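Chains, contacts and geometry: an overview
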2 protein chains.
Amino acid sequence: MTTTAEQSRSQTGEAYHALRGAIVSGALAAGARLSPADLSTKFGFGPTPIREALARLSAENLALAIEQRGFRVAPLSGVELRELLDLRLGFEREAMFRSMREGGDVWEAGVVAAHHLLMLSAPPHPGSLPAERELWGQRHDAFHLSLIAGCAAPWLKRFHRMTVDQIERYRIAILRQPDAGDARDRLTHLLSHAEHTALRDAVLSRDEARADAALSAHIRDTAEIFAAMFERYAATPGG
Amino acid sequence: MTTTAEQSRSQTGEAYHALRGAIVSGALAAGARLSPADLSTKFGFGPTPIREALARLSAENLALAIEQRGFRVAPLSGVELRELLDLRLGFEREAMFRSMREGGDVWEAGVVAAHHLLMLSAPPHPGSLPAERELWGQRHDAFHLSLIAGCAAPWLKRFHRMTVDQIERYRIAILRQPDAGDARDRLTHLLSHAEHTALRDAVLSRDEARADAALSAHIRDTAEIFAAMFERYAATPGG
DNA sequence: ATTCAATAAAAAATCGATTTTTTTAACTCA
DNA sequence: TGAGTTAAAAAAATCGATTTTTTATTGAAT
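All figures in this text were calculated on a predicted structure; none of them were measured in a lab. (Residues numbered from 1 in each chain as written. Chains lettered and ligands numbered in written order. Predicted model: local features only at pLDDT ≥ 70, side-chain atom pairs only at ≥ 80, totals over all residues. Heavy atoms only, no water.)

A word on the relation of the copies chain B and chain A
- Here chain B sits on chain A after a turn of 180° about the axis and a move of 0.0 Å along it, with an RMSD of 0.1 Å. Seen this way, the second copy is the image of the first under a two-fold rotation axis.
- In this assembly the copies share their binding face: 100% of the residues contributing to the interface of chain B also contribute to that of chain A. (Least-squares fit on C-alpha atoms with pLDDT ≥ 70 in both. Contact = heavy atoms within 4.5 Å.)

Pasting the structure below:
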């Protein structure tokens, strides 16, 4: 009845989500050509819905439209990653502050719930299964979203989401590297239970300074490792 | 050879620019239906390019796409305007600071040139002609753009441009009001030569505190009047 | 051997018709 | 009278073919 799959029944909507997923997940590699004819046969949509989906994706800068020369997957670059990480931190800080000021009971409950779920999920470690990593990742994202869910600022949230989605592309591309294992674990080790609990407590007690410190450190540390890992990624031939 | 008109030869590109202009200028009013068939005959493009243009516009939130129910011009709202003005100031401050740090000779020359052109154009006053207002408006926008042109931050600039474009819709809608005259002149009076010159000098001398004060006051004053004018606009029946 | 032009192939963009979905209107039955 | 149902009209979405533009190839001339 209220399945998510049913929300977008149109071919265009389906094509959009399929292509978006393929780009973010790296199934369609950065810089790859996006020929409507090819994608049409590959994904099983007509050329028209594909084209319309590509138009939307290029407006979000996930694809690149060159007039009379078709579409390509937007390329990845180290300087862009730096900027995106910076902007993301800025948006998330701002939205978190506003949530701390405007958010009510329901928002607080959402934060507590998201935190609880995150705690119940084992953080990734060298031997953890993909499904476990996946679940933890989802809950981690959900926790961060819960922190900023308390404020009504549609544009701020839109911009935040745009940076998050772009960064996700980089994350997946980087972690695909064969030797990414140790760096990945170094990364997720930073995102420890303690840090998240500190963040939750600071936010709920409306302690802006403490929340700011916690979030900034949290994101800046990961940003540092991220950017460094991308440099290595970009240096490899297959990258 | 290098005309701007020739850069987008495709029907889709033309349709996109035409529709975008019509929405921003208010020729297509907020909330109005955007039926591909109607627009097709009205603007002289096929339904396919129109549809693709609408897809792009809805990704930028100038249009609204509702699955199986077509497109509409995005509505205007007072709270949204407030948020957009806030974000715009934030982006412009940040980009200005970065330009002051990263910008070189060429950037400085651009600022001086844009300022000079603005000074040579008469600021709008009760009796000025539309063409004069238009020219001054263009030069005013160009001056502000020149202030942030010195830094390489594509995403920051993209976000800034998105807010500026959205705010432009509000500006035009508000100033269309029959009794907007006096408020408009009160508005443009704020944007005096003195303020702009102060801004230029602060920026060129790399005085961040002074530049910040000048820009913040400049934008916040206009934002205040803007928001107040929109409340009146929204209250009128025809609005 | 290299540049240029002409041609052929491929790909992108566009059109007009068809299909699907939503909206409107009329109608029946309680 | 009013709620629910069905049929007709309108509009959105999609398809497949056609047109236009770009890219690759070939051959001739310098």
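Remarks on the interface of chain B and chain A
- Of the residues lining the interface, 31 residues belong to chain B; the matching set on chain A comes to 31 residues.
- Of all residues in chain B, Glu67(B), Glu83(B) and Trp155(B) give up the largest surface area on contact with chain A, accounting jointly for 27% of the area buried on that side.
- Here chain B and chain A share two salt bridges between them.
- One salt bridge connects Arg51(B) with Glu52(A), and the closest N-O pair in it is separated by 2.7 Å.
- Inspection of the chain B/chain A interface yields 11 residue pairs in polar contact (both at pLDDT 80 or more).
- For the side of chain B that touches chain A, the secondary-structure elements that each account for two or more residues are helix 3 (47-59), helix 4 (78-102) and helix 7 (154-175) of chain B.
- With eight residues, the top contributor of residues to the side of chain B that touches chain A is helix 7 of chain B.
- Class assignment for the residues of the side of chain B that touches chain A results in 12 nonpolar, eight polar and 11 charged. (Buried area = accessible area lost by both parts, 1.4 Å probe. Salt bridge = Lys/Arg side-chain N within 4 Å of Asp/Glu carboxyl O. Polar contact = N/O pair within 3.5 Å; in protein donor to acceptor, adjacent residues only side chain to side chain. Helix = DSSP H or I, 4+ residues; strand = E, 2+ residues; numbered from the N terminus. Nonpolar A, V, L, I, M, F, W, Y, C, P; charged D, E, K, R; others polar.)

Quick notes on the packing of helix 8 (residues 154-175) of chain A against helix 4 of chain B
- The N-to-C vectors of helix 8 of chain A and helix 4 of chain B enclose an angle of 50°; their axes lie 8 Å apart at closest approach. If you check the angle between helix 8 of chain A and helix 4 of chain B, you find them oblique. Counting all contacts with helix 8 of chain A, which are made through Pro154(A), Trp155(A), Leu156(A) and Phe159(A), the residues of helix 4 of chain B involved are Glu80(B), Glu83(B), Leu84(B), Leu87(B) and Phe91(B).
- Its residues placed into classes, the contact of helix 8 of chain A with helix 4 of chain B shows seven nonpolar, no polar and two charged. (Axes fitted to C-alpha atoms, helices over the stretch in contact; angles between N-to-C directions. Parallel < 35°, antiparallel > 145°, perpendicular 65-115°, else oblique.)

Brief notes about the domain arrangement of chain A
Residue and element names in this part refer to chain A.
- Per the domain assignment, the segments making up chain A are domain 1 (4-73) and domain 2 (78-235).
- Spacing between the C-alpha centres of domain 1 and domain 2 amounts to 27 Å.
- Counting from both sides, the interface comprises 10 residues of domain 1 and, opposite them, seven residues of domain 2.
- Between domain 1 and domain 2, the buried area comes to about 680 Å², and carbon and sulfur atoms account for 46% of it.
- If you sort the residues of domain 1 by the area they bury against domain 2, Val 24, Ser 25 and Leu 62 come out on top, with a joint share of 53%.
- Taken together, domain 1 and domain 2 are joined by one salt bridge.
- The shortest N-O distance in the salt bridge between Arg 20 and Asp 165 comes to 3.1 Å. (Domains from an automatic or database assignment.)

With respect to the sheet that holds strand 3 (residues 71-73) of chain A
Residue and element names in this part refer to chain A.
- In spatial order, the strands read 1-3-2; together these three strands make up an open sheet with antiparallel pairing. One side of each edge strand has no neighbouring strand; the edge strands of this open sheet are strand 1 (33-34) and strand 2 (63-65).
- Bridge analysis of strand 1 against strand 3 gives two bridges, and the strand direction is antiparallel. Bridge pairing in strand 3 places Leu 34 opposite Phe 71. (Pairing = 2+ DSSP bridges.)

Some points on the nonpolar core
- Core analysis: the largest hydrophobic core is formed by 92 residues, its most contacted members being Met96(A), Phe159(A), Met96(B) and Phe159(B).
- In this view, Met96(B) contacts Leu147(B), Ile148(B), Leu199(B), Val203(B), Ala211(B), Asp212(B) and Leu215(B); residues no more than four positions away in its chain are not counted. (Core = buried A, V, L, I, M, F, W, Y, C linked by side-chain atoms within 4.5 Å. Buried < 20%, exposed > 50% of the residue type's maximum accessible area, 1.4 Å probe, protein only.)

Comments concerning the pairing of strand 3 (residues 70-73) of chain B
Residue and element names in this part refer to chain B.
- Burial along strand 3 is one-sided: the residues Phe 71 and Val 73 are buried and none of Gly 70 and Arg 72 is.
- Inspection of the sheet shows strand 1 (residues 33-34) paired to strand 3 by two bridges, in the antiparallel sense. Paired with Leu 34 across the strands is Phe 71, a residue of strand 3.
- Both strand 2 (residues 63-66) and strand 3 contribute to a ladder of four bridges, which runs antiparallel. Each residue of the ladder has a partner; that of Ala 65, found in strand 3, is Phe 71.

Focus: empty space enclosed by the protein
Residues and elements named next belong to chain A.
- Taken as a whole, this structure holds one cavity of 30 Å³ or more when the rule is applied.
- Reported here for the largest cavity is a volume of approximately 30 Å³.
- Around the largest cavity, the lining residues are Ile 174, Gln 177, Asp 179, Ala 180, Met 229, Arg 232 and Tyr 233.
- Looking at which element gives the most residues to the lining of the largest cavity, the answer is helix 11 (residues 208-235), with three residues. (1 Å grid on protein atoms, 1.4 Å probe; cavity = no way out; pocket = protein on both sides within 12 Å on 5 of 7 lines; lining within 4 Å. Points joined across faces, edges and corners; volume = space filled by probe spheres on them.)

Focus on the layout of surface pockets
Residue and element names in this part refer to chain A.
- In this model, the second largest pocket occupies a volume close to 1400 Å³.
- Around the second largest pocket, the lining comprises 36 residues; the ones closest to its centre are Gly 137, Gln 138, Asp 141, Glu 168 and Arg 171.
- Only helix 2 (11-24), helix 5 (78-102), helix 7 (130-147), helix 8, helix 9 (181-190) and helix 11 provide two or more residues apiece to the lining of the second largest pocket.
- Looking at the lining of the second largest pocket residue by residue, the classes come out as 15 nonpolar, nine polar and 12 charged.

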